[in-house]
Amino acid sequence: MSADTRPISPGRFATALKDLSVPMLHLKVLEIRNSIAHLQYSNDQLKPFAEGSATALGDEPAHGPDQDCVDAIRENEAVIDRMAERIALVRAEVEERGVSWAEFQSKEEAEAAADKARAEEAEVNGHGQRRGTHSAWTDGTFQTGTIRDGQIHMDTQPPPPTAGSGNNSGGRLNDEELRQAIEERLRTLGNEGDGDGDGDDGGMHL
């Protein structure tokens, strides 16, 4: 390939983009994508010959890959890579001007972006559904009780709720149920303190 037909360098291409208006950048992206589509179609047609699974009409059965087709596919792939790089340069120029690249996306790119967003949202929701009160509050790791007359009285652990008895599952207390249990315990302590005069000894601990 001579110097006169050598492709424009990425640097010169990026510089040339700065003189183009946004509508012209739209046209440039469409032009590049159209060229890529033609090259990909050409490669699809050449692939059977490059693999040796097909021959041209009138030729003898293939005994191996057609080297000319192999070379043509390799050259087309190199051109496709250069064009993909140019699209990336156009995107950089577009976003530098404060314009959303979504306006330039192809149908396939828009669908891929939407699928990715849905997958990320599903992952976030999945983590959110797994949040809840830690099992240590109900499996005996953490226990509560009171001190009365110098003796420790441990609270009994509530039995796991049966199906349909509440919104929680697995015997775990949610935040609201835990708050209600603490308030009930505080009311009980207050009543006991009023009755025996030893309220200063009462309390709750972990």
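Before reading on, note that the structure itself is shown above.
The structure reproduced in this document is the subject of the present report. Predicted model, so just to flag it, every value in this text is computed and none were measured.

What counts and what doesn't
- Residues numbered from 1 in each chain as written.
- Predicted model: local features only at pLDDT ≥ 70, side-chain atom pairs only at ≥ 80, totals over all residues.
- Heavy atoms only, no water.
- Helix = DSSP H or I, 4+ residues; strand = E, 2+ residues; numbered from the N terminus.
- Buried < 20%, exposed > 50% of the residue type's maximum accessible area, 1.4 Å probe, protein only.
- Contact = heavy atoms within 4.5 Å.
- Patch = residues over 30% accessible without salt bridge, like charges linked within 9 Å, V, L, I, M, F, W, Y side chains within 5 Å.
- Areas by Shrake-Rupley, 256 points an atom, 1.4 Å probe, with all protein chains shown as cover.
- Salt bridge = Lys/Arg side-chain N within 4 Å of Asp/Glu carboxyl O.
- Phe/Tyr/Trp six-rings, centres within 6.5 Å; stacked < 30°, edge-to-face > 60°.
- Axes fitted to C-alpha atoms, helices over the stretch in contact; angles between N-to-C directions.
- Parallel < 35°, antiparallel > 145°, perpendicular 65-115°, else oblique.
- Left-handed = near helix turned anticlockwise from the far one by under 90°.
- Nonpolar A, V, L, I, M, F, W, Y, C, P; charged D, E, K, R; others polar.
- Expected span 1.5 Å × (residues − 1).
- Polar contact = N/O pair within 3.5 Å; in protein donor to acceptor, adjacent residues only side chain to side chain.

Along its length, the protein chain carries five helices and three strands. Going from the N terminus to the C terminus, the protein chain shows its helices and strands as α-α-α-α-β-β-α-β. Every one of the 206 residues in the protein chain was classed for burial, and the buried ones make up 16%. Taking the intrachain contacts of the protein chain between residues at least 6 apart in sequence as the baseline, contacts between residues at least 24 apart amount to 62%.

Take a nonpolar patch on the surface next. Residues Met24, Leu27 and Leu30 make up a contiguous nonpolar surface patch of roughly 300 Å² in combined accessible area. By secondary structure assignment, the location of Leu27 is in helix 2 (residues 22-51).

Attention now moves to the packing of aromatic side chains. Counting across every chain of the model gives one aromatic pair. Here the aromatic rings of Trp101 and Phe104 are separated by 5.2 Å at their centres, their planes lie at 0 degrees, and the arrangement is stacked. You'll find Trp101 and Phe104 in the same group, each marked buried.

Across the interface, helix 2 lies against helix 3 (residues 67-96) with an axial gap of 9 Å and an inter-helix angle of 160 degrees. Put simply, helix 2 runs roughly antiparallel to helix 3. Here helix 2 and helix 3 pass one another in a crossing that is left-handed. Split by residue class, the contact of helix 2 with helix 3 holds 19 nonpolar, five polar and six charged.

As a further point, take helix 3. In this model, helix 3 (30 residues) spans 44 Å end to end at C-alpha, consistent with the 44 Å of a helix rising 1.5 Å per residue. Among all positions in helix 3, only Cys69, Ile73, Asn76, Val79, Ile80, Met83, Ile87, Val90, Glu93 and Val94 are buried. Where helix 3 is buried, its residues meet helix 1 (10-17) and helix 2. Of the residues flanking the start of helix 3, the one acting as N-cap is Asp66, its side-chain oxygen 2.9 Å from the backbone nitrogen of Asp68.

The next point concerns the packing of helix 1 against helix 3. With their axes 10 Å apart at the nearest point, helix 1 and helix 3 run at an angle of 40 degrees to one another. As helix 1 packs across helix 3, the resulting crossing turns out to be right-handed. Judged by residue contacts, Pro10, Phe13, Ala14 and Leu17 of helix 1 engage Glu85, Arg86, Leu89, Val90 and Glu93 from helix 3. Partitioning the contact of helix 1 with helix 3 into residue classes produces six nonpolar, no polar and three charged.

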